[in-house]
Amino acid sequence: MFWHDLGIWIAAALTLAVFSFLYRDNLLYKAAEHIFVGVSAGYWVARLYNDVLLPDLIYPLFDPKMVKLAHPQYLLIIPGLLGLLMLARFLPGGFWLSRWPIAFVVGVSTGTYVPVAVQAFLLDQVGATLVPVVVHRAAAAGGGMDWATSLGNALLIIGTLATLSYFYFSRPHVGAFGAVTRVGILFLMFAFGAAFGYTVMARQSLLIGRVEFLIFDWIRPTLAALGAG
Amino acid sequence: MLQEQGPTIWDRLLRVPRWVIYLIIAAAVIFPFLHPLRFPVEVSQRTRQLYDYIDKLPPGSVVCLAFDYGPSTMAELQPMAVAVTRHCFRNNLAVAGVALDPWGAALCDAAFATANSDGKKKEHVDFVNLGYKTGYSAVIQGMGLNIHEVYKLDNRKTPVGDIPLMKNVRTYQDLAIVIDLASSSTPQAWIAFAGARFGATVSAGVTAVMALDMYPYLQSGQLVGMLGGLKGAAEYEKLINQPDQGALGMDSQNLAHGAIVLLVLLANLGYVVTRRQARRRQER
C-alpha cells in the first residue's frame, strides 16, 4: 500500500511538473522531462533483455531447456553476431561494420513488405473504390433504390478521382480540368477539417486522462485519508 | 485632432490571453468530474460492427489483442482494452495479449486485471499475456507461421507450449480476430502482414488522431469495425452496458469541444468584424 501510494504521489507530482510548462519553461518541467527520458530508456533496455534477448538468443544458445528445446540452437550465433555488429557504429573506424546488419534488415524488410503492400494498400484499396453507383435494396428489405448507399458510392468515386486529379501536376489546373481539381481541393478540405477535429479530440482525451488521474487517484483518496473526503 | 479610441470588444476577442483559454478548457474538463452531466453517447456503425463480430463468436474462440501503445496514449486506448476484454470474458472467449510496444505488455496486465476484477477468469486458461517482441513486421509474419516460435515464453516466463490456452493456438487460423489497439502505424502492418498475407481477420482501436487514416481500410473491409479515440471506448462501454473510464471522460470531452467551438466562432466573428471596421475606416 505504501509503495502504491508513493507511486501515485510521484506520478501526481510529475504530472503537475509537466503542466507547469503552460506557465513557462522551468526547472520542474525540465526535471520531469529528463526523468521521463531516463526511465523510458531504462525500461526499454530491461524489456528488450527480458522479452527478446533472453528467450530468443540467450536461452536457446546456453540454456535451451528454459524454452523447451532439446539442443542449443547454434544457428542463432549468426543473427546474434549481426546484432552485435550494429554496435560497431560506436567503434572508431568500425562504423562500416554496422552497415552489414542494416543492409540485411533493409533487404529483408523491403522484400517482404513490397508484395503485401501492393496487395493491401494498392489492389485492395483500388478494389474498394470500384463500387456500383446505383444500388438496389434486397427484395427482403422491400426492394427499390437504396438512395443513401448510391449517393455515398457516387461521392466516393467523385472524391477519389477529383482528389487524384489535384495531384496530377503534368497539366495546368485550368479549364474543365481545373474545375475537377477544385472539387478535389474541396474534398481535401473536408478531410483536413475532420483530421483537425479528431486531433482536438485526441489531445483533449490526454488532458482528460490526466485530470481523471489527479482527481480520482490522487486528490480524492488523499482527502479521504485525511478525513475530509 | 482625432481622439484615439481604445480597443473594442472585437479587438479583444482576437487577443484573448493564452491563460484565459487554458482556464476555460480546464474548467470544461474538470467540471463534469465534479458534477456529471451524462451527455448521451450515440453508438457508431464502426463500433457496432466490431461489437457484433465479437458477440457472434462461439464460446472458446480466441481473440488476440495487440497492445501497441504506451502510457502517453493510455487515456484513450486503455478503456477500449478493458471494454473489449470484458466483452470477451462475458461471452466466454479467451483473450491472448501481445505487445509490439515495450510498454504494451504492462498495460496488457493492467487491462486484464481490471476486466477480471472479480477473479472469475483464470490466467493461462481464459487469458494470457504473451509479452513484448521487437521488430513488428517480423513478429506479425512469424505469428502467421507459428506463434509458438515467436513467443517462446509468456510475460511471466511460462513456456508458451505449457499454457493450456495456447495448446491449440498456432497461427492466425486459430485466432478469431486480431484487434490492434494502437497509437502508431501498427494497424497498417497488421492489415498488410496478418490480413493480406495470412488472411487473418483484423480490427483496430486507435487514438482519435489516427482514426481518420483508418477509414479507407474500414470502407474496404480490411478492418472489421474500428474504435476511434475516447468516444470509441465510450461507445463500446455502452454496448456492453458497463460504463467506465470512456463514458466518464465523454462529459468532459463534450464540454471541452463545445468550449473550443465557441472560442473558434468568437475569434472568427472578431476577425470578420474588425476587418469590416478597418475597411469602413479606410473608406472614410
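Residues numbered from 1 in each chain as written. Chains lettered and ligands numbered in written order. Predicted model: local features only at pLDDT ≥ 70, side-chain atom pairs only at ≥ 80, totals over all residues.

Is there a simple way to explain the interface of chain A and chain B in this structure?
Reports of interface size often rely on the accessible area that becomes lost once the parts have come together. In this assembly, 38 residues from chain A lie in contact with 43 residues from chain B. Element by element, the count of residues in the side of chain A that touches chain B is highest for helix α6 (residues 175–225) of chain A, at 17 residues. Taken together, the residues of the side of chain A that touches chain B sort by class into 25 nonpolar, eight polar and five charged. (Contact = placed C-beta atoms within 7 Å. Helix = DSSP H or I, 4+ residues; strand = E, 2+ residues; numbered from the N terminus. Nonpolar A, V, L, I, M, F, W, Y, C, P; charged D, E, K, R; others polar.)

Just checking my understanding: could you explain the confidence of the model for chain B for this structure?
In low-pLDDT segments, the atomic positions of the prediction should not be examined closely. The predicted model of chain B averages 93 in pLDDT, with 98% of residues at 70 or higher. Among the scores for the predicted complex, ipTM is 0.87 and pTM is 0.90. (pLDDT = per-residue confidence, 0-100.)

Looking at this model, I keep getting lost on helix α4 (residues 74–90) of chain B. Mind explaining?
Count 3.6 residues to each turn of an α-helix, and residues three or four apart come out pointing the same way. Residues and elements named next belong to chain B. Here α4 spans 23 Å end to end across 17 residues, near enough to the 24 Å set by a 1.5 Å rise per residue. The buried count for α4 comes to 15 of 17 residues, which makes it a mostly enclosed element. One or two residues past the end of α4 sits N92, with phi positive at roughly 55 degrees. (Expected span 1.5 Å × (residues − 1). Buried ≥ 20, exposed ≤ 12 C-beta atoms within 10 Å, placed from the backbone.)

What's the story with the nonpolar core in this structure? I'm lost.
Nonpolar side chains in soluble globular proteins tend to be buried together. Residue and element names in this part refer to chain B. Ranked by internal contacts, the top residues of the largest apolar core, which has 100 residues, are V63, L65, A66, F67, V178 and L181. Per-element accounting of this core gives the leading share, nine residues, to α4. When residues of this core are assigned to domains, at least three map to each of domain 1 (9–35 + 254–283) and domain 2 (45–243). In this structure L65 touches A81, V84, T85, V95, G97, I179 and L181, once residues within four positions along its chain are discounted. (Core = buried A, V, L, I, M, F, W, Y, C linked by C-beta atoms within 7 Å. Domains from an automatic or database assignment.)

Help me understand the sheet that holds strand β6 (residues 226–228) of chain B in this model?
Strand pairing in a sheet takes place through backbone hydrogen bonds and is either antiparallel or parallel in direction. Residues and elements named next belong to chain B. Read from one edge of the open sheet, six strands run β3-β2-β1-β4-β5-β6, paired in parallel fashion. Strands at the two margins of the open sheet, each flanked by one partner only, are β3 (127–132) and β6. On average, each strand axis in the sheet is inclined to that of its neighbour by 15 degrees, with strand direction left out of account. Note that strand β1 (residues 62–68) and strand β2 (residues 94–99) share five bridges and pair parallel. Bridge pairing in β2 links C64 to A96. Along the sheet, helix α10 (residues 229–239) contacts β5 (202–206) and β6; its crossing angle with β6, the most-contacted strand, is approximately 125 degrees. (Pairing = 2+ DSSP bridges. Axes fitted to C-alpha atoms, helices over the stretch in contact; angles between N-to-C directions.)

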